[in-house]
Amino acid sequence: MIKKTLLTPFKTKYNTPPFRIIETSDYLPTITEAIKMAKNEIDTIVNNPDQPTFENTIVALDFSGEQLDRISSIFFNLNSAETNEDIQKIAQEVSPLLSEFSNDITLNEDLFKRVKAVYESKSELNLTEEQSTLLDKKYKGFSRNGANLPEGKKVKLREIDKKLSQLSLKFGENVLAETNKFEMLISDESDLSGLPEGTIEAAKQLAESKDKEGWLFTLDYPSYIPFVTYADNRELRKKITLAAGSKAFKNDELDNKDNVLQITKLRHERANLLGYQTHAHFVLEERMAETPETVLNFSNELLEKAKPAAEREFKNLENFAKDLDNIDRLEKWDGPYYSEKLKQKLYSLDDEKLKPYFKLENVIDGAFTIANKLFDLKFEEIDTIDKYHDDVLTYKVTNTKGDFISVFYADFFPRPGKRNGAWMTSYKPQYILNGENSRPHVSIVCNFTKPTKTKPSLLTFNEVTTLFHEFGHALHGMLANTTYPSISGTSVFWDFVELPSQVMENWCFEKEALELFATHYETGEVIPMELVKKIKESATFHEGMQTLRQLSFGLLDMSWHGQDPIQITDVKAFETEIFKNTSLYPETKETCMSTAFSHIFQGGYSSGYYSYKWAEVLDADAFEYFKEEGIFNKTVATKFKDNVLSRGGTENPMTLYKRFRGQEPKPEALLRRAGLI
Ligand SMILES: [Zn+2]
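Residues numbered from 1 in each chain as written. Predicted model: local features only at pLDDT ≥ 70, side-chain atom pairs only at ≥ 80, totals over all residues. Heavy atoms only, no water.

Asker: Looking at this structure, how should I read a negative patch on the surface?
Answerer: Together, E197, E201, E208 and E213 make up a negatively charged patch on the protein surface. Position of E213 relative to the elements: it lies in the loop between α8 (197-209) and β2 (215-217). (Patch = residues over 30% accessible without salt bridge, like charges linked within 9 Å, V, L, I, M, F, W, Y side chains within 5 Å. Areas by Shrake-Rupley, 256 points an atom, 1.4 Å probe, with all protein chains shown as cover. Salt bridge = Lys/Arg side-chain N within 4 Å of Asp/Glu carboxyl O. Lys, Arg positive; Asp, Glu negative; His and termini not counted. Charge placed at Lys NZ, Arg CZ, Asp CG, Glu CD. Helix = DSSP H or I, 4+ residues; strand = E, 2+ residues; numbered from the N terminus.)

Written out as structure tokens, the structure is:
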């Protein structure tokens, strides 16, 4: 049975989701009905007897499907934060319905005809920047999926898409099977030397769960990472490192070499079919970086600056290993181990020393105070709206004039129905309709250390920066001030979305900000500056080597996707050539990165790996502006709010950024922050 109340405006305070009346069994019928409603709205647009206009086609399309978006947001947010087997089962049923619906729209030729008619008359329409961006976005949603192609090529495109999705799936399955296949059973206790208690305990339990004697290690990160970081036994470190590096590269049925070649060739062919030079050109059209040339110049410039530092760090590390254990040649399986040892020696920073200064409640207040100083926001905890779980905190956000800005949900502690990690999401976007500014409902979800009977929740420093990171995304959502929902808040180009989140992390390292909230939970003493100094220094430990590593992955990605791959026949040889300029460790013939590079061959990061570093350049450059004028400087903060945080995807991000900063982002700020120049 369908609850009609879930498909009409909620009669709740701020129109927030009425969690208490929604039952799990409501989702499938409600979403199915909402899809029908959305289809009718599309039909109305298509069958409109009037000439297509920006209003009756583009705007109508952007505001269509509101009920569907609302109910599916609630459903998928809960599937991440408070799920159970029933919800997961419904997700399996609902997901194909939703992708079918969105395909129906992209492949709807009559709808495209109207969109195209508006697009082609663009120059006569007198559109604002925001309207023009929306029109481009809607048009490209069709054209980038082949809507302009003649029938034969359309068929070809569908074939390629089908093959590509099978190949990516196969690629991922092979990597997973390889990860699961490897087991390293240790029966001699002395081989555990160096490992932390918790790691040994987990390895023992894993062995027991498989009816084995001893300690079992695998290529899963929680097992693999501590092993290569702490195990004193060099031979075993080598064994597990080579196993991790040779996934899907063994000339057997799980080998991915051929899949890599096929995927890159099909992507290239697809891009050509749509009129793009390469796959990277296709992808980057909708990125701040815009072209492969920009990405390459950006990467090479950073590389040039980071390389001398990386080589210096490597030399130091090699000397350190030589002094400590008489290691002659530092190998891949030595890097994490000696890095950790050196780091401990230099900083001896452990979380237990820092945690008393980061009581969760104090950190939340700190984030709110900073948002108040910068952006005039006020957070008031309220208990007048429904929550999906008792742990969730709910806030009403206003500006200093008292205007309602947003609803804010914060959900901090782990529980069985919550997935790992931390994220920001929303239940409702911001938009302006019929002159009314409809405010957003924003949420952050984390998995922080829980309070115990004797201690409050005390955060590790990493958890503190995570909270500020997600809070930065949340501000991007809350401060949104655009007309159209699909380009509001965090709906921006992919290499721009981490700017607001990463920039907020910077305040966690500043004395003036820490004094506001980093006080000892028992004594009230402000965190000692020598600890802050150590935090800062250790944050950039081995930054040169890290930078080189990240850049090498980005360059590999661009090499696969920024040229015609037809000539490439030997995956390993191709990769070795690309890595020549960035590798520090001796080459190992057993390993290959590409055959397990899931980010770009299975996930959505193809031609996008550079964006990690790109976002760092942006956030360092933006924060340097704050530092020049004062980290609580109102003028800079207001420029950031007015030109970035409130503007969503209404214009090209470079335009928005320049308006805030007065110039294009430069890498120097990042290099300075990282201690590389
Ligand atoms: Zn983020």
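Having seen the structure, we can now continue with the description.
Asker: Just to check I follow, could you spell out helix α9 (residues 221-230) for this structure?
Answerer: Because an α-helix completes one turn every 3.6 residues, residues spaced three or four positions apart along the sequence face the same direction. Within α9, burial applies to S223, Y224, P226, F227, V228 and T229. If you follow the buried residues of α9, they end up packed against β1 (184-186), α8, β2, α10 (234-245) and α14 (335-347). (Buried < 20%, exposed > 50% of the residue type's maximum accessible area, 1.4 Å probe, protein only. Contact = heavy atoms within 4.5 Å.)

Asker: Just checking my understanding: could you explain the layout of surface pockets for this structure?
Answerer: In this approach a probe as big as a water molecule rolls over the atoms, and the regions it shows empty are the leftover space. There is about 1,400 Å³ of room inside the second largest pocket. Lining the second largest pocket are 45 residues, and of these D62, S64, D69, P485 and S486 lie nearest its centre. The set of elements that each furnish at least two residues to the lining of the second largest pocket consists of α1 (27-46), α2 (54-63), α3 (66-81), α4 (85-106), α6 (129-143), β6 (423-428) and β9 (441-445). Take the lining of the second largest pocket: its biggest share by element is seven residues, from α3. (1 Å grid on protein atoms, 1.4 Å probe; cavity = no way out; pocket = protein on both sides within 12 Å on 5 of 7 lines; lining within 4 Å. Points joined across faces, edges and corners; volume = space filled by probe spheres on them.)

Asker: Would you take a moment to explain the coordination of the zinc ion for this structure?
Answerer: Octahedral metals with six donors have ideal donor angles of 90 or 180 degrees. Tetrahedral metals with four donors have an ideal donor angle of 109.5 degrees. Surrounding the zinc ion are the protein donor atoms H469 (NE2), H473 (NE2) and E498 (OE), which sit 2.1 to 2.2 Å from the metal. On the primary sequence, the residues serving as donors to the zinc ion are separated as H-x3-H-x24-E. Here H473 is found in helix α17 (residues 461-478), whereas its partner E498 is found in the loop between α17 and α18 (499-505), with 25 residues between them in sequence. Judged by relative accessible area, which is 9%, H473 ranks as buried. (Donors = N, O, S within 2.8 Å, 3.2 Å for Na, K, Ca; no water.)

Asker: Can you help me understand unusual backbone geometry in this one?
Answerer: Backbone phi values are negative for most residues with the exception of glycine, while trans is the configuration of most peptide bonds. With phi around 55 degrees, A248 is a residue other than glycine that occupies positive phi space. As for its placement among the helices and strands, A248 is situated in the loop between α10 and α11 (257-273). Unusually for a residue other than glycine, H542 sits at a positive phi of about 55 degrees. Among the structural elements, H542 can be located in the loop between α20 (529-539) and α21 (543-561). Note on H542: relative accessible area 8%, which makes it buried.

Asker: I keep staring at the packing of aromatic side chains and nothing clicks. Help me out?
Answerer: In this description, a pair of aromatic rings is defined by centroid distance and the angle of the planes. Tallied over the entire structure, the rule returns 49 aromatic pairs. Ring geometry for F358 and F461: centres 5.8 Å apart, planes at 55 degrees, overall tilted. Here the residue F358 occupies a position in the loop between α15 (351-354) and α16 (360-375), and F461 occupies one in helix α17, the gap between them amounting to 103 residues. Ring geometry for F368 against F408: centres 6.3 Å apart, planes inclined by 70 degrees, an arrangement best described as edge-to-face. Placement of the pair is F368 in helix α16 and F408 in strand β5 (residues 404-411), with a sequence separation of 40 residues. Assessed through its relative accessible area of 2%, F408 is described here as buried. Among the aromatic residues, those joined into a ring-pair cluster are W507, F623, Y625, F626, F640, Y657 and F660. One cation-aromatic arrangement involves R144 over F282; the distance from NZ or CZ to the ring centre is 3.8 Å. Between the NZ or CZ atom of R419 and the centre of the ring of W423, over which it lies, the distance is 3.9 Å. (Phe/Tyr/Trp six-rings, centres within 6.5 Å; stacked < 30°, edge-to-face > 60°. Lys NZ or Arg CZ within 6 Å of the ring centre and 35° of its normal.)

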